[in-house]
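# Results of the structural survey
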Amino acid sequence: MVVAALLSLQAWAVEPCVKDGVLLFPAPGAVVPTNAQFIIQGPGEAQAKVQGLLQSNAIALLAPGKDAIQVKAEKGFVSQVSRVAIRLRPLKPLEPNVEYSLALPPELAGVRLLNDQLGDGSLRWLAGVGPDKRSPKYKERPSSSEGFYEQDKAGGLTRKLRLRALIDESSPAWFLVSMQRARGGSARQQYPVPLDGDTFTIGHDACSGNFGFDDGRAYTLTIELYDAAGNKAAERTTLEVAAPRPLQ
């Protein structure tokens, strides 16, 4: 059964698209387990810089008075709408109750942090009391919530679909979402999407995004749940959604 994407324009804060910057998961300022892993995304013009991390040995987590923890960049995901995501894996555990800052190569120095929860552009997290070895669990499986569609004066399209899920997990969590058309042939799209409170969003603005839609088409989503330590939920969710489309 197709779950309709409800068009609720007032529910969305529409911002101009950004062509250069990075997004971090977990968002800077979060408390993370000592075995945390990270994901860095580069939309638009930052794609090549983020992809370049795969050839870099200059990524580290730093804390005053502590030895640097080297971080390995691992192959991640490429969206169909001008965005890439790379996994960042620390090569040893973080120390409990220590605040760490992420040091990136000079090529990324000064690049805007797009999910700046701290308000100062810094890439820092507080390590919690220990590792997270428990897999996340669902309290309420993902379901379609509402959609948004807008065309700007230059012809750029924004199509976004918000979904809702409730989980039992103490660490920040993210989904690995795979998407294909429900009917007819299409290439599979796959990309990581962070959970923000009890919602997560798939789609794109006029500059970039994690998934590309066609107006009103039905898509099948396969959703796998992970926490910040890389623990994977046993459950996998499959649902059918309708892409946002313009009001008639």
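Residues numbered from 1 in each chain as written. Predicted model: local features only at pLDDT ≥ 70, side-chain atom pairs only at ≥ 80, totals over all residues. Heavy atoms only, no water.

## Section: the overall build of the protein
Condition: Elements are defined by DSSP. Helices are runs of H or I of four residues or more, strands are runs of E of two residues or more, and each kind is numbered from the N terminus. For the radius of gyration, the atoms used are the C-alpha atoms, and the globule rule reads 2.2 Å times the number of residues raised to 0.38. Only protein chains enter the accessibility calculation, which uses a 1.4 Å probe; a residue is then buried when its area is under 20% of its type maximum, exposed when over 50%, and partly exposed in between. Only four residue types enter the charge count: Lys and Arg as positive, Asp and Glu as negative, with His and the chain ends excluded. Taken as the charge location is NZ of Lys, CZ of Arg, CG of Asp or CD of Glu.
Scanning the protein from terminus to terminus reveals one helix and 15 strands. Against the 2.2 N^0.38 benchmark of 18 Å for 248 residues, the protein shows a C-alpha radius of gyration of 18 Å, consistent with a compact globule. Across its three principal directions, the C-alpha atoms of the protein cover 60 × 40 × 35 Å. Buried residues in the protein amount to 48% of all 248 residues. Averaging the locations of the 28 positively and 26 negatively charged side chains of the protein gives two centres separated by 5 Å.

## Remarks on the sheet that holds strand E12 (residues 189–194)
Put simply, the rule reads: Paired strands are those between which DSSP finds at least two bridges. Note on method: axes are straight lines fitted to C-alpha atoms, helices fitted across the in-contact stretch only, with angles between N-to-C directions ranging 0 to 180 degrees.
Taken in spatial order, the four strands make up an open sheet running E12-E11-E14-E15, and their pairing is antiparallel. What marks the edges here is a single partner per strand, and that holds for E12 and strand E15 (232–242). Adjacent strand axes in the sheet meet at a mean angle of 25 degrees when their direction is disregarded. Sheet topology places strand E11 (residues 173–181) next to E12; six bridges connect them, and they run antiparallel. Note that in E12 the partner of Ser178 across the bridge is Gln190.

## Observations concerning the pattern of salt bridges
Think of it this way: side chains of opposite charge can pair up when their charged atoms draw near. Defined as follows: Any Lys or Arg side-chain nitrogen located within 4 Å of an Asp or Glu carboxyl oxygen qualifies as a salt bridge.
Going through the model one piece at a time under the given rule, you end up with 13 salt bridges. For the salt bridge of Glu74 with Arg89, the shortest nitrogen-to-oxygen distance reads 2.9 Å. Here Glu74, found in strand E5 (residues 69–78), pairs with Arg89, found in strand E6 (residues 83–90); they are 15 residues apart in sequence, far enough to count as distant. Salt-bridge contacts for Arg164 lead to Asp198; the nearest nitrogen and oxygen are separated by 3.3 Å. Of the two residues, Arg164 is situated in strand E10 (residues 157–168) and Asp198 in the loop between E12 and strand E13 (199–204); the sequence distance between them amounts to 34 residues. What makes Arg164 partly exposed here is its relative accessible area of 28%.

## Structural notes on the nonpolar core
We count it as follows: Here, nonpolar core refers to any group of buried Ala, Val, Leu, Ile, Met, Phe, Trp, Tyr and Cys residues whose side-chain atoms link them within 4.5 Å. Should any heavy atoms of two residues lie within 4.5 Å, those residues are considered in contact.
Counting residues in hydrophobic clusters, the biggest one holds 32 residues, and the most contacted among them are Phe175, Val177, Phe200, Ile202, Leu221 and Ile223. For this core, the elements supplying multiple residues, two or more each, are E10, E11, E12, E13, strand E14 (218–227) and E15. It is E11 that contributes the most residues to this core, six residues altogether. Contact partners of Phe200, with chain neighbours within four places excluded, come to Pro142, Leu161, Arg162, Leu163, Arg164, Ala165, Phe175, Val177, Val193, Pro194, Leu195 and Ile223. Ile69, Ala73, Leu102 and Ala127 belong to the second-largest nonpolar core, a separate cluster that totals 28 residues.

## Things to note about the pairing of E15
Sheet analysis places E14 next to E15, joined by eight bridges and oriented antiparallel. Bridging from a neighbouring strand, Thr222 pairs with Thr238 of E15. Connecting the antiparallel pair E14 and E15 is a turn made up of four residues, with Gly230 showing a positive phi of about 90 degrees.

## Describing the sheet that holds strand E1 (residues 23–25)
Taking strand neighbours across the sheet as the criterion, the eight strands line up as E1-E3-E6-E5-E4-E7-E8-E2 in an open arrangement whose pairing is mixed. On the outer flanks of this sheet lie E1 and strand E2 (31–32), each paired with one strand and no other. Judged from the two bridges that link them, E2 and strand E8 (residues 124–127) form a sheet pairing that is parallel. Within E8, the residue paired with Val31 across the bridge is Leu126.

## Description of empty space enclosed by the protein
The test is simple: For cavity detection a 1 Å grid was placed over the protein atoms alone, and a set of points counts as a cavity when a 1.4 Å probe fits there but cannot get out; an open set counts as a pocket when protein lies on both sides within 12 Å along at least five of seven lines, with lining residues being those that have an atom within 4 Å of a point. Grid points are joined across faces, edges and corners, and a volume is the space filled by probe spheres set on the points. Side-chain classes are defined by residue name, with Ala, Val, Leu, Ile, Met, Phe, Trp, Tyr, Cys and Pro counting as nonpolar, Asp, Glu, Lys and Arg as charged, and the others, Gly among them, as polar.
Inspection of the entire model under this criterion finds two cavities of 30 Å³ or more. By volume, the largest cavity is sized at about 70 Å³. Broken down by class, the residue content of the lining of the largest cavity amounts to five nonpolar, two polar and two charged. What the second largest cavity holds in volume is close to 40 Å³.

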